[in-house]
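Structural description and commentary
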Amino acid sequence: MKKTLIITIISLLVGTAAAQVNWHTIADASKAKIGSRLYIVDFYTNWCGYCKKMDRQTFTDPTVAKIMNTYYYPVKFNAEGNETVTWNGRVYPPATQGRNKVHVFTQATLGQRIGFPSFAIFRADGTLLTVVPGFYPPREFAVILWYFASGDNAKYPYDKYMQIFDKEIYPVMEKALK
């Protein structure tokens, strides 16, 4: 009984470790050569419950982790951090005033839609492609990630994409992720 429990715990730990997103800092991302991949920046705060839920539930999902690690350069960014950031040739200082200090890079990227978590997807050249606000369970987030990673965003409006996903897109995604 003890041996079975230990094997089960080890299997769970190994499985969880294998399904981790390989996060990078914004400083590393600004210098990285990422080829044809996209950047995805997770704008989080230390107090955000849904940010922590994304970390626990969504970013540990094997499909989400594989898509992010293969097709994106994943970046964690504290939206209220106090570091100076250089992105796409521009320098963004930390916020210096206000009770809820939001970093200038956060403001510049998210604009008027500041909420956490939020995810910004950038092209390889550092230009903003889109912002995806809010919490998503693993399957929904994987669909969103694949929509941009596959280039399907240039082929279909998102509502049409969702209509054809299970029959047409999912088999292609599944094959590509093997």
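Residues numbered from 1 in each chain as written. Predicted model: local features only at pLDDT ≥ 70, side-chain atom pairs only at ≥ 80, totals over all residues. Heavy atoms only, no water.

Glancing now at the overall build of the protein chain. From N to C terminus, the protein chain includes seven helices and six strands. Overall, the protein chain shows an N-to-C arrangement of helices and strands of α-α-β-α-α-β-β-β-α-β-β-α-α. Burial statistics for the protein chain: of 178 residues in total, 38% are counted as buried. The contacts in the protein chain between residues at least 6 apart in sequence include a share of 62% that link residues at least 24 apart. As displayed, the protein chain has an accessible area near 10300 Å², and 55% of this comes from carbon and sulfur atoms. (Helix = DSSP H or I, 4+ residues; strand = E, 2+ residues; numbered from the N terminus. Buried < 20%, exposed > 50% of the residue type's maximum accessible area, 1.4 Å probe, protein only. Contact = heavy atoms within 4.5 Å. Areas by Shrake-Rupley, 256 points an atom, 1.4 Å probe, with all protein chains shown as cover.)

Turning our attention to the side chain of Asp42. Counting through the fold element by element, Asp42 comes out in strand E1 (residues 38–44). Relative accessible area serves as the criterion here: at 3%, Asp42 is assigned to the buried category. At 2.6 Å, the side chain of Asp42 forms a polar contact with the side chain of Lys76. (Polar contact = N/O pair within 3.5 Å; in protein donor to acceptor, adjacent residues only side chain to side chain.)

Turning next to the sheet that holds strand E6 (residues 128–133). Read from one edge to the other, the open sheet built from four strands follows the order E2-E1-E5-E6, with strand pairing classed as mixed. Every other strand in the sheet has two partners, leaving strand E2 (72–78) and E6 as the edge strands with one partner each. Along the sheet, successive strands turn relative to each other by an average axial angle of 20 degrees, direction set aside. Direction of pairing for strand E5 (residues 118–122) relative to E6: antiparallel, over a ladder of five bridges. Along E6, the bridge assignment pairs Ser118 with Pro133. (Pairing = 2+ DSSP bridges. Axes fitted to C-alpha atoms, helices over the stretch in contact; angles between N-to-C directions.)

Another aspect to go through is the nonpolar core. With 28 residues, the main nonpolar core has Ile40, Phe59, Ile67, Met68, Tyr72, Phe141 and Leu145 as its most contacted residues. When residues of this core are traced back to their parent elements, those giving at least two are E1, helix H4 (62–71), E5, helix H6 (138–149) and helix H7 (158–177). Beyond its immediate chain neighbours, meaning those up to four positions away, Phe141 contacts Ile40, Met54, Thr58, Phe59, Val64, Met68, Phe119 and Tyr136. Formed by 22 residues, the second largest nonpolar core is a distinct cluster that contains Ile34, Phe43, Cys48 and Val85. (Core = buried A, V, L, I, M, F, W, Y, C linked by side-chain atoms within 4.5 Å.)

Where burial is concerned, most of E2 is hidden: six out of the seven residues are buried. In the sheet, E1 pairs with E2 via seven bridges, with the strands oriented parallel. By the bridge assignment, Phe43 is partnered in E2 with Phe77.

The next thing to look at is the environment of Met68. Residue position: Met68 is located in helix H4. According to the relative accessible area criterion, Met68 is buried, its value standing at 1%. Along the backbone, Met68 and Gln20 are 48 residues apart, and their C-alpha atoms lie at a distance of 9.5 Å. Beyond its immediate sequence surroundings of up to four residues, Met68 is in contact with Val21, Trp23, Ile40, Phe59, Tyr73, Pro74, Phe141 and Leu145.

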